[in-house]
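# Structural overview for review
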Amino acid sequence: MWSRLEGPDRLVIRYIPWVWMGVALLFWFVTLVSFVWGNDQAQLDCQRHTETSGECVFERSTLLSYENVSFPIDDLRRARNGESQVLRRIMVEWETGDPSQRLVLHGESNKRAQENLEEIQGFLADPYRQELRIEYSNLAGGLVLSALVLFLAMAFSVAAVRIGTLRINRRQRIIEISRRSIWGTSEALIFDFDEIEAIDVNSSADLHGFDEDSEIPFRAYEQVGQPLVLRMKDGTSVHLADPHANE
């Protein structure tokens, strides 16, 4: 929350929910990460010319990187599952020196990952088999996940991130409360001084230079979740964070 004095007769108090904005940004960051992760595609091709000679090519691409590695078929040592219990990872290890290098292939599902593993192991066990081709694409699953997280990010941002503004105009004897979401939609309520009994304002707002002759008493307080409240003479209350939330 912060306040700004606009001359002797106008005061603006604005409530910005920094915590909720941080959470919303986290949602959007997760959306970006899931979209990048969802564009992970890989392919392993091996061609055996004789029992002891041939070549393998591994390609992998994401939105941020591209990898293309070729190596002799004799350097292909083994294939095994990764350690993850949630998503099986096919790890194809080969040696080009010291230390050994490793390819990582995913499966669209645990079943597909196991099939890929058995396919690679079968190729290694059969020296007369000439071709091996393993493909992986997480595009469909990644896009579904990205769409879900994007929906949650938008829903949370609209519901939680609302910037409230209170404007006091002593010359016109009116108080205006408005609320704006991050999408630009706004609501506004206007009250006459005669309708207001008191203004409960969080102590973080600087009212120096305005509160002495405001005609409406300001009552400082500290309460999480209620940055500013207008206490009406009819017994109701209006909150700065939500102008339509009454007590």
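Above this text sits the structure in question.
Definitions and limits used
Residues numbered from 1 in each chain as written. Predicted model: local features only at pLDDT ≥ 70, side-chain atom pairs only at ≥ 80, totals over all residues. Heavy atoms only, no water. Helix = DSSP H or I, 4+ residues; strand = E, 2+ residues; numbered from the N terminus. Buried < 20%, exposed > 50% of the residue type's maximum accessible area, 1.4 Å probe, protein only. Contact = heavy atoms within 4.5 Å. Areas by Shrake-Rupley, 256 points an atom, 1.4 Å probe, with all protein chains shown as cover. Polar contact = N/O pair within 3.5 Å; in protein donor to acceptor, adjacent residues only side chain to side chain. Pairing = 2+ DSSP bridges. Patch = residues over 30% accessible without salt bridge, like charges linked within 9 Å, V, L, I, M, F, W, Y side chains within 5 Å. Salt bridge = Lys/Arg side-chain N within 4 Å of Asp/Glu carboxyl O. Expected span 1.5 Å × (residues − 1). Arc of directions from axis to C-beta.

Before going further, it helps to examine the overall build of the chain. Helix and strand counts for the chain come out as 3 helices and 16 strands. When burial is assessed residue by residue, the chain has 37% of its 247 residues classed as buried. By sequence separation, contacts in the chain at least 24 residues apart represent 49% of the contacts at least 6 residues apart. Of the roughly 14300 Å² of accessible surface on the chain, 53% is carried by carbon and sulfur atoms.

Let us now look at the side chain of Asp200. Within the secondary structure layout, Asp200 lies in strand β13 (residues 196-202). A distance of 2.7 Å separates the side chain of Asp200 from the side chain of Arg231, its partner in a polar contact.

Here we come to the pairing of strand β10 (residues 162-169). With 6 bridges connecting them, strand β2 (residues 10-15) and β10 associate as antiparallel partners. From the neighbouring strand, Tyr15 faces β10, where its bridge partner is Gly164. The pairing of β10 with strand β11 (residues 174-181) spans 8 bridges and is antiparallel. By the bridge assignment, Ile163 is partnered in β11 with Arg180. Hairpin geometry of β10 and β11 is characterised by an intervening segment of 4 residues between the two adjacent antiparallel strands and by a positive phi of about 60° at Arg173.

Judged by side-chain polarity, Phe35, Leu63, Leu64, Leu139 and Leu143 come together as a nonpolar surface patch covering roughly 460 Å² of accessible area. One can find Leu64 in the loop between β4 (54-61) and β5 (66-72). Leu64 sits in the exposed class, given a relative accessible area of 72%.

Moving on, we come to the environment of Glu197. Among the structural elements, Glu197 can be located in strand β13. Discounting chain neighbours no more than four positions away, the residues touching Glu197 are Ile216, Pro217, Arg231, Met232 and Lys233.

Right, let's talk about the pattern of salt bridges for a bit. Taken as a whole and judged by the stated rule, the model has 5 salt bridges. Measuring nitrogen to oxygen at the nearest pair gives 2.3 Å for the salt bridge that ties Arg129 to Glu119. Taken together, the residues Arg129 in the loop between α2 (110-125) and β9 (131-137) and Glu119 in helix α2 connect sequence positions 10 residues apart. Put simply, Asp200 and Arg231 hold a salt bridge, and the shortest N to O gap is 2.7 Å. Of the two residues, Asp200 is situated in strand β13 and Arg231 in strand β15 (residues 228-232); the sequence distance between them amounts to 31 residues. One network of salt bridges, in which partners are shared, links Asp45, Arg133 and Glu135.

Within β15, 4 of the 5 residues are buried, which leaves it mostly tucked inside the rest of the structure. In this sheet, β15 lies alongside β13 in antiparallel orientation, the contact comprising 5 bridges. Within β15, the residue paired with Ile196 across the bridge is Met232. Across 3 bridges, the pairing between β15 and strand β16 (residues 237-239) is antiparallel. Across the sheet, residue Leu230 finds its bridge partner in β16, namely Val238. Between β15 and β16, which pair antiparallel and follow one another directly, the connecting turn spans 4 residues, one of which, Gly235, has a positive phi of 95°.

With respect to the helices and strands, Thr165 occurs in strand β10. One polar contact links Thr165 to Arg14, side chain to side chain, over a distance of 2.8 Å. Discounting chain neighbours no more than four positions away, the residues touching Thr165 are Val12, Ile13, Arg14, Glu176, Ile177, Ser178 and Leu240.

A few words on α2. For an α-helix, 3.6 residues make a turn, and residues three or four places apart therefore share a direction. In a regular helix each residue adds 1.5 Å, so 16 residues correspond to 22 Å; α2 covers 22 Å between its end C-alpha atoms and thus fits that length. By the burial criterion, the buried members of α2 are Ala113, Asn116, Leu117, Ile120 and Phe123. Down the axis, α2 shows its buried residues gathered within 130° of arc, on one side only. Residues of α2 that are exposed and point more than 90 degrees away from the buried face comprise Lys111 and Ala125.

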